[in-house]
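# Structural overview for review
Below, each chain spelled out in residue letters.
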Amino acid sequence: VTPCPPAPPELREQTLVLVKPDAVQRRLVGDVIGRFERRGFKLVAMKLLQVPELQEGRGYVCGYPCIIAPRCHQADRGLLDRHYQHLQQKPFYPALLAYMTSGPLVAMVWEGYNVVRSTRAMVGDTDSAQAAAGTIRGDLSMHVSRNVVHASDSVETALREIGFWFQRDELVAWESGDSQYTYGP
Ligand code: IDP
């Protein structure tokens with residue numbers, strides 16, 4: 001098989017998307033993934049993980065009888081502290097941590113032309129109550145504290161956040177067969 005030539009750099013922009021615990025509980029993972037697939041973006045990494053919560057006197061507790069401990073515990077509270085570094089002084093930060101550790105979440109990396117800005121537009125306003133209909137938050141949620149997804153807000157942030165959530169070898173470089181139909185000259 002002759003490998004496809006690699007896509008030019010502007011088609012290889014990447015962004016981090018998290019399907020947050022509320023969306024996993026509400027069985028919305030497929031809906032969120034479907035929107036990015038239908039738009040034409042390419043999935044290059046994905047995993048389900050639970051960030052363990054810190055319980056007083058018990059240390060990190062992941063809520064599951066832990067049969068696959070090493071993988072389960074690849075994440076810890078420090079991951080969320082790094083990811084939400086800009087929010088640590090906010091009054092809602094403890095509640096945000098509790099929310100993000102309340103159950104499994106799905107971390108994904110999507111790739112494609114202008115993917116960071118396009119994804120933010122698809123996700124909608126941080127406050128779900130203000131998010132436009134047609135956006136993920138506007139269609140699937142009602143309140144800022146349970147807003148279904150996270151998406152990186154700039155190319156630089158995306159690079160940093162992908163590094164927080166994924167090892168380099170967890171990203172799969174592949175060329176999609178339909179790129180001549182999703183991208184013009
Ligand atoms: P973003 O997720 O749209 O990038 P950020 O300001 O970075 O918005 O906030 C990160 C997350 O913190 C939000 O997605 C939401 O889950 C939570 N959050 C932001 N503002 C509030 C608030 O006022 N109350 C409760 N949670 C909030």
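Residue positions are given per chain, counted from 1 along the sequence in the order it is written. Where local features are concerned, this predicted model is filtered to residues with pLDDT of at least 70; where side-chain atom pairs are given and counted, the filter is 80 or more; whole-chain, interface and lining totals use all residues. The basis for the side-chain values is all heavy atoms of the structure; hydrogens and waters are excluded.

This paragraph deals with the overall build of the protein. Starting at the N terminus, helices and strands are each numbered in turn, a helix being any DSSP run of H or I of at least four residues and a strand any DSSP run of E of at least two. Secondary structure assignment for the protein yields nine helices and six strands. Within the span of the protein, comprising 185 residues, buried residues form 43% of the whole. Each residue is assigned to one of three classes by its accessible area relative to the maximum for its type, calculated with a 1.4 Å probe on protein chains only: buried under 20%, partly exposed between the two thresholds, exposed over 50%.

All of the buried residues in helix α8 (residues 155–165) are T157, A158, E161, I162 and W165. Projected onto a plane normal to the axis of α8, the buried residues spread over an arc of 130° and lie on a single side. α8 presents E156 and L159 as exposed residues on the side facing more than 90 degrees away from its buried surface. Taken together, the buried residues of α8 touch β1 (14–19), β2 (42–49), α4 (77–83), β5 (105–111), α6 (115–123) and β6 (149–151). Comment: arc refers to directions from the helix axis out to C-beta atoms. We call two residues in contact when some of their heavy atoms are within 4.5 Å.

Burial analysis of β1 places five of its six residues in the buried class, which makes it a mostly covered element. Should DSSP find at least two bridges between two strands, the strands are regarded as paired. Direction of pairing for β1 relative to β6: antiparallel, over a ladder of three bridges. By the bridge assignment for β6, L18 is matched with H150.

Per the UniProt entry, the sites bearing "active site" (unreviewed entry) are H150 in this numbering. Aside from chain neighbours lying at most four places away, what touches H150 is L16, V17, L18, K20, H83, Y84, R137 and E161. UniProt positions are given in the numbering used here, feature names are shortened, and annotations may be inferred rather than shown by experiment.

If you trace the backbone, V144 turns up in the loop between α7 (136–140) and β6. In sequence terms V144 and E156 are 12 residues apart; their C-alpha atoms lie 24 Å from each other. Excluding its chain neighbours within four sequence positions, the residues that come into contact with V144 are T126, D127 and S128.

This part covers the pattern of salt bridges. Any carboxyl oxygen of Asp or Glu that lies within 4 Å of a side-chain nitrogen of Lys or Arg is treated as forming a salt bridge with it. If you walk through the whole model with that rule in mind, you get four salt bridges. For D139, the salt bridge identified is with R35, shortest N-O distance 3.1 Å. Remark: R35 occurs in helix α2 (residues 29–39) and D139 occurs in helix α7; sequence separation between them is 104 residues. On the accessibility criterion, D139 (40% relative accessible area) is partly exposed. For K47, the salt bridge identified is with E170, shortest N-O distance 3.0 Å. Taken together, the residues K47 in strand β2 and E170 in the loop between α8 and α9 (179–182) connect sequence positions 123 residues apart. Residues joined in a network through salt bridges with shared partners are D31, R35 and D139.

Between the rings of Phe, Tyr and Trp (Trp by its six-membered ring), a pair exists once the centres lie within 6.5 Å; its type follows the angle of the planes, with under 30 degrees stacked, over 60 edge-to-face, and the other angles tilted. Considering all chains together, one arrives at one aromatic pair under this definition. Think of it as a cone above the ring: NZ of Lys or CZ of Arg counts as a charge over the ring if it is within 6 Å of the ring centre and within 35 degrees of the ring normal. Sitting over the ring of W174, K42 keeps its end group 5.5 Å from the ring centre. Taking the ring centre of F166 as reference, the NZ or CZ of K47 above it sits at 4.6 Å.

Only heavy atoms are used to decide nearness, and a residue is near a molecule or strand if one of them lies within 4 Å of it. In the vicinity of the ligand, the residues found are K20, Y84, H86, L87, F92, L96, R120, T126, R137, V144, S145 and N147. One of the side-chain nitrogen or oxygen atoms of H86 is found 2.9 Å away from an oxygen atom of the ligand. In this structure, N147 approaches the ligand through a side-chain N or O atom, which is 2.8 Å from an oxygen atom. Only the protein chains shown count as cover for residues, and all accessible areas are computed by the Shrake-Rupley method using a 1.4 Å probe. For the ligand, whose unbound accessible area comes to 530 Å², protein coverage reaches 77%. Counting of polar contacts relies on pairs of N or O atoms within 3.5 Å, with two restrictions inside protein: one atom must be capable of donating a hydrogen and the other of accepting it, and residues adjacent in sequence are counted only when both atoms are side-chain atoms.

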